[in-house]
Number of protein chains: 2
Amino acid sequence: MGEDATVSRRPNTPKSSTKPRLSTVTSEDEKLLATYDPSKFERPSVTVDVAILSVVGERLITLLHRRDSAPFRGRFALPGGFLQMDESLEAAARRVLLAKAGLRDVYLEQLYTFGAVSRDPRMRILTVAYFALVDATRITVGHDASLPERTLAEIVVPWAGETGGAVEIQIEGARTPEALAFDHADILGTAVKRLRGKLDYTPIGFQLLPEVFTLASLQRVHETILGRPLNKDSFRRKMLASGQLEATGELQQGVDHRPAELYRFTRRSAV
Amino acid sequence: MGEDATVSRRPNTPKSSTKPRLSTVTSEDEKLLATYDPSKFERPSVTVDVAILSVVGERLITLLHRRDSAPFRGRFALPGGFLQMDESLEAAARRVLLAKAGLRDVYLEQLYTFGAVSRDPRMRILTVAYFALVDATRITVGHDASLPERTLAEIVVPWAGETGGAVEIQIEGARTPEALAFDHADILGTAVKRLRGKLDYTPIGFQLLPEVFTLASLQRVHETILGRPLNKDSFRRKMLASGQLEATGELQQGVDHRPAELYRFTRRSAV
DNA sequence: TGAATAGTGTCTATAAGACAATATCCC
DNA sequence: GGGATATTGTCTTATAGACACTATTCA
């Protein structure tokens, strides 16, 4: 940030006289801080929200909480929390993942920062949104005393390709789409758009599958995310040519047809 | 943000009793706010920084300011400023562009939010970084009483492709790279990485050229950003096939060889 | 044996790279 | 005319899609 030195762009903010005292501040700096005090500025609250995405069957799903307080009481919302002063943004996102969904060691990437002035009716709150990819076998919504209530919801994407925009959320059994709290439908839409874009040139789809998987299941994951069918032959060729798949030599079990070979991602560490 | 309702995750924050009063808050909400007050949380400062990129000759350049106060006094930094409580993030970025570089109506896109705990030695400051693309003819660094001092600096990218990482900054005439303030070399590196990625599938390169341009100059822009030579034939074919170029019928003037035809971008509005 | 999906091989269409030939301007 | 770059056309190679055929499992 190129914070200005001379500044008093905000005459309506109270002129606080408390200067920050940090061990890294030298005595020369101390003098300068007298004329430049960032704490003069009003500050927004900052939260971190995580769009946890997974593919179950042929559906793109996400994990939500029902809000039990205002604003948007009763609406579903992404898991999130306030950024603490001693943690990085990513650390906050990982804390949220663990505390609210019981997930650790998942693929996590910063998505976008949402900062519309009135996105929260109470006060100015920015949210730094992340998205996480989790294979279906790791998401649980059963009762767990150490975790808050969770709900899995289907993401229905009402636009093609990478058009972008809000998505619709379909709760199991419900007939109409569920309106989400805040701008969370936009956040999920942004996550889907980003994921679709990445799928073409990165092996990110593997993050949504268990350790070993068949090429057909990988293709179904891609198709579910992209929302369109893919050519089987070229999908197969491209994946094998990418050098990122490793044949395990094992075969699929328990299917009523010829079993497919199981593959493994060669760099599971790519988080 | 899925802010928790019951909360008191931060026992060390002062329990403020000032509840926000907003016209959109209903009386039922008022009651709930008694048990849930986001202002209880300590808040970071938030700035917006803008990486202004341009291509001049065969060089990728950016616009910097020299800091005249601590921290990083004397170092160059990106233009930036504190987010005001009544403006959106993008509005803040556009305000910075106008106030610090005299630029308006330029391509602007949110890049990434940088939030390492100690990125500013004084206090916790997040910055939401944006990048702007400006054609070379619009960047001025001459003296202008309404603008702060500015410097154009060359961006030297020490990595290939989309590897990512900090870039080096070369100030005109200097022999060694210039160390930037804060994490601004990382921000610029992130901007270059993003730009390289977008160049393959979006017409974003046009934003760096004047209204009309030749195919050769467009190719030079692409090559400068990508840091590698491109095949002339296929570049030409791909651009013309994209349907985003429109021949003006005019020819280049004042060259000592056969003049090239001038083209125009068909959707300059794509900001 | 038949249903179902896996996996291989071949052909074609399309896009990318290489290269040659011609065009047009200024000096 | 000579130098320099633009523009067009053709050939070759790589990649993607289409399709036919064989393979393997279970019911």
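So, a few notes on the structure that sits alongside this text. Along each chain, residues carry numbers from 1 onward, in the same order as the chain's sequence is written. Whichever chain is written first becomes A and whichever ligand is written first becomes 1, with later ones labelled in order. Two thresholds apply to this predicted model, a pLDDT of at least 70 for residue-level local features and 80 or more for giving and counting side-chain atom pairs, whereas whole-chain, interface and lining totals are computed over all residues. As a rule here, side-chain values come from all non-hydrogen atoms in the structure, and water together with hydrogens is ignored.

**Points about helix α4 (residues 215-226) of chain A**
Residue and element names in this part refer to chain A.
Right, so step 1: For α4, which comprises 12 residues, the first-to-last C-alpha distance of 16 Å matches the rise-based estimate of 16 Å (1.5 Å per residue) to within 8%.
Right, so step 2: For the exposure calls, accessible area comes from a 1.4 Å probe over protein chains only, and a residue counts as buried if that area is under 20% of its type's maximum, exposed if over 50%, partly exposed in between. Here a helix means four or more residues in a row that DSSP labels H or I, a strand means two or more in a row labelled E, and each is numbered from the N terminus. Burial of α4 is extensive: nine of the 12 residues sit out of reach of the surface.
Right, so step 3: Listed in full, the buried residues belonging to α4 are L215, S217, L218, Q219, V221, H222, T224, I225 and L226.
Right, so step 4: Of the residues flanking the end of α4, it is G227, one or two places downstream, whose phi is positive at about 75 degrees. To estimate the expected span of a helix, subtract one from its residue number and multiply by 1.5 Å.

**Quick word on the protein's contact with DNA strand C**
Right, so step 1: Residues in close proximity to DNA strand C total 21 residues, the closest being E261(A), D233(B), S234(B), R237(B) and R258(B).
Right, so step 2: By convention in this text, a residue qualifies as near a molecule or strand provided that one of its non-hydrogen atoms is within 4 Å of it. Of everything in DNA strand C that lies within 4 Å of the protein, sugar and phosphate atoms constitute 58%.
Right, so step 3: What qualifies as a polar contact is a pair of N or O atoms within 3.5 Å, subject to a donor-acceptor requirement within protein and to the restriction that residues adjacent in sequence count only when both atoms come from side chains. D233(A) places a polar side-chain atom, nitrogen or oxygen, 3.5 Å from a base oxygen of DNA strand C.
Right, so step 4: R258(A) places a side-chain nitrogen or oxygen 2.8 Å from a base nitrogen of DNA strand C.
Right, so step 5: Of all the secondary structure elements, the ones that give two or more residues to the surface near DNA strand C are α5 (232-241) of chain A together with α5 (232-241) of chain B.
Right, so step 6: When residue character is reported, Ala, Val, Leu, Ile, Met, Phe, Trp, Tyr, Cys and Pro are called nonpolar, Asp, Glu, Lys and Arg charged, and the others, Gly included, polar. Class assignment of the residues belonging to the surface near DNA strand C gives a composition of six nonpolar, four polar and 11 charged.

**Let's talk about the protein's contact with DNA strand D**
Right, so step 1: Near DNA strand D you find 21 residues, and of these D233(A), S234(A), R237(A), R258(A) and K232(B) are the closest.
Right, so step 2: Considering DNA strand D, the proportion of its atoms within 4 Å of the protein that are sugar or phosphate atoms stands at 57%.
Right, so step 3: With respect to DNA strand D, the side chain of R258(A) contributes an N or O atom lying 2.7 Å from a base nitrogen.
Right, so step 4: Looking at the surface near DNA strand D, the elements that each hand over two or more residues are α5 of chain A together with α5 of chain B.
Right, so step 5: Partitioned by chemical class, the residues of the surface near DNA strand D number five nonpolar, four polar and 12 charged.

**Thoughts on the sheet that holds strand β11 (residues 261-265) of chain B**
All names here are of chain B.
Right, so step 1: Paired strands, as defined in this entry, are two strands with at least two bridges between them according to DSSP. Here we have three strands laid out as an open sheet, ordered β9-β11-β10, and antiparallel in their pairing. Each of the sheet's edge strands pairs with one partner strand only, and the pair in question is β9 (212-213) and β10 (245-251).
Right, so step 2: Pairing of β10 with β11 involves four bridges; the strand directions are antiparallel. Bridging from a neighbouring strand, E246 pairs with R264 of β11.

**Quick look at the packing of helix α3 (residues 184-199) of chain A against α4(A)**
Residues and elements named next belong to chain A.
Right, so step 1: Where helices are involved, their axes are fitted lines through C-alpha atoms of the stretch in contact, as for all axes, and angles between N-to-C directions lie from 0 to 180°. α4 packs onto α3 with a crossing angle of 135 degrees between their chain directions and a minimal axis gap of 9 Å. As the angle between them shows, α3 and α4 are arranged oblique. Here α3 runs over α4; the crossing is left-handed. Judged by residue contacts, L195, R196 and L199 of α3 engage H222, I225 and L226 from α4.
Right, so step 2: Split by residue class, the contact of α3 with α4 holds four nonpolar, one polar and one charged. We call two directions roughly parallel when the angle between them is under 35 degrees, roughly antiparallel when it is over 145, roughly perpendicular when it lies between 65 and 115, and oblique otherwise. By definition, turning the near helix anticlockwise from the far helix through less than a right angle yields a left-handed crossing, and turning it clockwise yields a right-handed one. In this description, contact between two residues means that some pair of their heavy atoms is separated by no more than 4.5 Å.

**Comments concerning the pairing of strand β11 (residues 261-265) of chain A**
Right, so step 1: As paired strands, strand β9 (residues 212-213) of chain A and β11(A) are joined by two bridges and run antiparallel to one another. Across the sheet, residue F213(A) finds its bridge partner in β11(A), namely Y263(A).

**A word on the sheet that holds β11(A)**
Right, so step 1: Taken in spatial order, the three strands make up an open sheet running β9-β11-β10 (chain A), and their pairing is antiparallel. Every other strand in the sheet has two partners, leaving β9 and β10 (245-251) of chain A as the edge strands with one partner each.

**Topic: the environment of P158(B)**
All names here are of chain B.
Right, so step 1: Take P158: it is sitting in the loop between β7 (151-156) and β8 (168-171).
Right, so step 2: Sequence spacing of P158 and A260 is 102 residues, and the spatial spacing of their C-alpha atoms is 33 Å.
Right, so step 3: Residues contacting P158, with those up to four places away along its chain left out, are A166, V167 and E168.

**Observations regarding the pattern of salt bridges**
Residues and elements named next belong to chain A.
Right, so step 1: What counts as a salt bridge is simple: a side-chain nitrogen of Lys or Arg found within 4 Å of a carboxyl oxygen of Asp or Glu. Per the counting criterion, the structure on display carries 20 salt bridges over all chains.
Right, so step 2: In this structure, the salt-bridge partner of R119 is D183, at a minimum N-O distance of 2.7 Å. In this pair, R119 is assigned in the loop between β5 (107-114) and β6 (125-133) and D183 in the loop between β8 (168-171) and α3, connecting sequence segments 64 residues apart. Here R119 and D183 have matching classes, each one buried.

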